[in-house]
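Now for the letters of each chain:
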Amino acid sequence: MASSSSSVHNKSYLYDVFLSFSGEDTRKTFVDHLYVALDQHGIRTFKDDERLEIGKKINNELLQSIEDSRVYIIVFSKKYASSSWCLSELLKIMECHNKGERFAFPVFYHVDPSEVRKQTGSVGEALANHKDKDELEVRKWREALKEAANLSGLDVSKTANGHEAKVIKLMVERVSLELRSINIGVDENLVGMEQRMQALDPYLEIGLNNVRMVGIKGVGGIGKTTLAYAIFDKLTPNFEGISCVENVREKASRLGLEKLQEQVLRDVLKDKGITVSGVYEGIKLMKTMLCGKKVLLVLDDVDQINQLEALAGNPNWFKLGSRIIITTRDEQVLIAHRVKCIHDVTMLSNKEAIRLFRRYAFREGVPTKEYEILSLEVVRYADGLPLTIKVLGSQLCGKDNREWTSTLEELKTIKFPLRKLELSYESLEEDHKKIFLDVACFLQGWYKDDAIRMLESCGFNAKYGLRVLEQKSLIVTLDGKRGGIIGMHDHLVEMGKNIVCREHPEEPNKHSRLWIQEKIAHVLASNSGSEATRCVDLKITCGIFLEGLENMKKLKCLIVNHGKHKCSHDLVSDLWNFFGMFWKHDKARQYFPNSLQYLYWDEYPHLCLPKTFEANNLVALEMRDSKIEQLWEGEKVMRKLRFLDLSYSNLRSLDLRLTPNLERCFQEAMEEG
């Protein structure tokens, strides 16, 4: 089908910064303050607090953490060279630095750079303690010390008159600029992006000392978001504060506009402590706190004028030179907000579309003449939409001529772009279709590790299934902790939700998945639940009657108050107090179907699970921040339970004999205050 060729992929880094330091004389002082400052600025920093004793050998996990970091801060102190651990770290750091992809930054803390370079004074004395070490290894350490000391860095005692707080501020600023400048060139995988970015230059006019709002409009899947992010990455070094708010349309309805205002303020001012309790307060804060910063702000997928009024209400909110980039499908939203500079994103040209399709269908291989002709046909039906091209290319990758021809025949009969994407869904195995629908309806935005635990509890081979979806360009894994964050294009989310709803559009009780709160409330209140429902994702309000779950005899997954719905801790406490009587009365009517395999309930308000719940099939029970004191009144064996998370709950004790197959148990203690 195609000849193979190797391709180079940009490395995805787990950490922005790796801190190399001697814990003996800096962990609780300078390094601790530096780590906090980096963290407050949203810089992902690795700081190893569990160091082995001096003389012990560095482990492979730490070496991997160095590989997984983009910037290295080496804090040379009087005790640094006395640690073989630190010196082994330094060897690995300089090895990575010399590859040219990463950046090492030395800091001299109460030690003169010349002492490190020449290995005299306290550094020389420390090195003398390694007489028992291999001579070749010590020589490598000496070379690494000299090489690192010759790099451009900071001498704490000679910077900002030795004021450590000011030195740390300068370091954070330098690291931030370095991180922004790494890989800000256009990703070679973004076909046609360079030309589209250049087309925006006359609208942005960087360097002109005014505040400018620029709209990027176009149909879904055309590449508006990708273009905005590419511009954002390129321009960030030119601004004093930056923020990129993704999926405004979806997040505004799910989290509230005040949370998006909070994100912008925290990003731009680099202060994680900022909180916004309401939209009006957020507007006042943004007016007063952003006017002193030259800001680059991206608002992605805006669909309502009130979103712009809350997040970029007036140019005078921002310092001169600021740029606000807005992506939308609806030009009228931009016009209503008096955005004068509006750029219409064009479809990919035929040549660009072919290049993009080849990248996904042949993985950089060279197609044969036969497949070259078929490729032209497929691309013709993709309408120049990058998302459709990627999905179709991924679907056909590795398939034979018969399957290509069959797909082409189906494409010829489809008039609507969204339906063309559905061909890739139809080609999935049954379990992978179910996982796709779960992601579309619930799991987008979840940490991948958490999603895997949920899917495995429901009987899926989750890791493999998610990998298949990623290979077919139906999901992406974004950088983040706990395995990363699951992402899905809003077109694909819309398609998945339509698939769930379309057979019974007016009868939500017959849907396999329920996630819309109003529909869930209606189904539960009318007691019209059915065996068709497999998963429910809801938040608790006083209008929710859980006994309505009784008819959902085949319900596998119940998600209550997941983090994406979660209120502040204080608000939850107030609700508990306010609805205390309601909950007491409701406890007797509480009902969990015995078919449940995954039960997640954040802030569960009762002291134990209901007697009626047998939990014979339960694989995962997650009830963080709950009032639960014991799982049951009496004893009940849960033979299938594998995952248990009762962190920050009031649980008194747990008899592990009742959970013989438990694999993971999370039980972080609640702080006493």
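In short, a report on the structure.

### Quick word on the overall build of the chain
A count of helices and strands for the chain gives 27 helices and 21 strands. Put simply, the chain has 673 residues, and 51% of those count as buried. Excluding contacts between residues fewer than 6 apart, the proportion of contacts in the chain whose partners are at least 24 apart in sequence is 64%. For the chain, the computed accessible surface area is about 31,800 Å², with 49% contributed by carbon and sulfur atoms.

### As for the pattern of salt bridges
According to the stated counting rule, one finds 36 salt bridges in the structure shown. With a closest N to O distance of 3.9 Å, D112 and K158 form a salt bridge. With D112 in the loop between β5 (103–108) and α5 (113–118) and K158 in the loop between β6 (154–155) and α8 (164–181), this residue pair connects regions lying 46 residues apart in the sequence. Residue classification places D112 among the partly exposed positions, given a relative accessible area of 28%. Because the salt bridges share partners, they merge into one network encompassing R249, D301, R329, D490 and E494.

### Concerning the sheet that holds strand β21 (residues 664–666)
Read from one edge of the open sheet, seven strands run β15-β16-β17-β18-β19-β20-β21, paired in parallel fashion. Edge positions in the open sheet fall to β15 (513–514) and β21, since each of these has one partner strand only. Where strand β19 (residues 620–622) meets strand β20 (residues 643–645), three bridges bridge the pair, whose relative direction is parallel. Within β20, the position partnered with L621 by the bridge is L644. On the sheet, helix α25 (residues 517–525) packs against β15 and β16 (535–538) and is oriented at approximately 115° with respect to β16.

### So, the layout of surface pockets
Quantified by volume, the second largest pocket comes out at close to 590 Å³. Lining the second largest pocket are 27 residues, with K434, L437, S512, R513 and R534 positioned closest to its centre. Within the residue set of the lining of the second largest pocket, elements represented by two or more residues are α20 (417–426), α21 (430–443), α22 (448–457) and α24 (490–501). Considering each element in turn, the lining of the second largest pocket owes the most residues, six residues, to α21. Of the residues that constitute the lining of the second largest pocket, the class distribution is 11 nonpolar, four polar and 12 charged.

### Let's talk about the nonpolar core
Counting residues in each nonpolar core, the largest one holds 43 residues, and the members touching the most others are F436 and Y598. Where this core is concerned, the elements lending two or more residues are α18 (386–396), α20, α21, α22, α23 (462–471), α24, β17 (557–560) and β18 (598–601). Among residues more than four places away in sequence, those in contact with F436 are Y425, L428, L469, L474, M488, L492, M495 and G496. L514, I520, F592 and L596 belong to the second largest nonpolar core, which has 34 residues in total.

### Brief notes about empty space enclosed by the protein
Evaluated as defined, the whole model comprises one cavity of 30 Å³ or more. Here the largest cavity is characterised by a volume of approximately 40 Å³. If you trace the largest cavity, you find it lined by C501, H511, R513, L514, W515, I516 and K519. Split into classes, the residues belonging to the lining of the largest cavity amount to four nonpolar, one polar and two charged.

### Things to note about the side chain of D155
Relative to the helices and strands, D155 resides in strand β6. At a separation of 3.0 Å, a polar atom in the side chain of D155 contacts the side chain of S157. In contact with D155, other than residues within four places in its own chain, are F108, V111 and P113.

### Structural notes on the sheet that holds strand β8 (residues 241–245)
Across the sheet, which stays open at both edges, the five strands sit in the order β8-β9-β10-β7-β11 with parallel pairing between neighbours. Looking at which strands have only one partner, the edges of the open sheet turn out to be β8 and β11 (341–344). Sheet twist, expressed as the mean angle between neighbouring strand axes with direction ignored, is 15°. As defined by bridge partners, strand β7 (residues 212–217) adjoins β11 across four bridges and the pair is classed as parallel. When the sheet's bridge partners are listed, G215 is paired in β11 with I342. The strands touched by helix α10 (residues 224–235) are β7, β8, β9 (295–299), β10 (323–328) and β11; relative to β10, the strand with the most contacts, the crossing angle is about 165°. Contacting β8 and β9, helix α12 (residues 257–269) runs over the sheet at an angle of about 150° to β8.

The rules we used
Residues numbered from 1 in each chain as written. Predicted model: local features only at pLDDT ≥ 70, side-chain atom pairs only at ≥ 80, totals over all residues. Heavy atoms only, no water. Helix = DSSP H or I, 4+ residues; strand = E, 2+ residues; numbered from the N terminus. Buried < 20%, exposed > 50% of the residue type's maximum accessible area, 1.4 Å probe, protein only. Contact = heavy atoms within 4.5 Å. Areas by Shrake-Rupley, 256 points an atom, 1.4 Å probe, with all protein chains shown as cover. Salt bridge = Lys/Arg side-chain N within 4 Å of Asp/Glu carboxyl O. Pairing = 2+ DSSP bridges. Axes fitted to C-alpha atoms, helices over the stretch in contact; angles between N-to-C directions. 1 Å grid on protein atoms, 1.4 Å probe; cavity = no way out; pocket = protein on both sides within 12 Å on 5 of 7 lines; lining within 4 Å. Points joined across faces, edges and corners; volume = space filled by probe spheres on them. Nonpolar A, V, L, I, M, F, W, Y, C, P; charged D, E, K, R; others polar. Core = buried A, V, L, I, M, F, W, Y, C linked by side-chain atoms within 4.5 Å. Polar contact = N/O pair within 3.5 Å; in protein donor to acceptor, adjacent residues only side chain to side chain.

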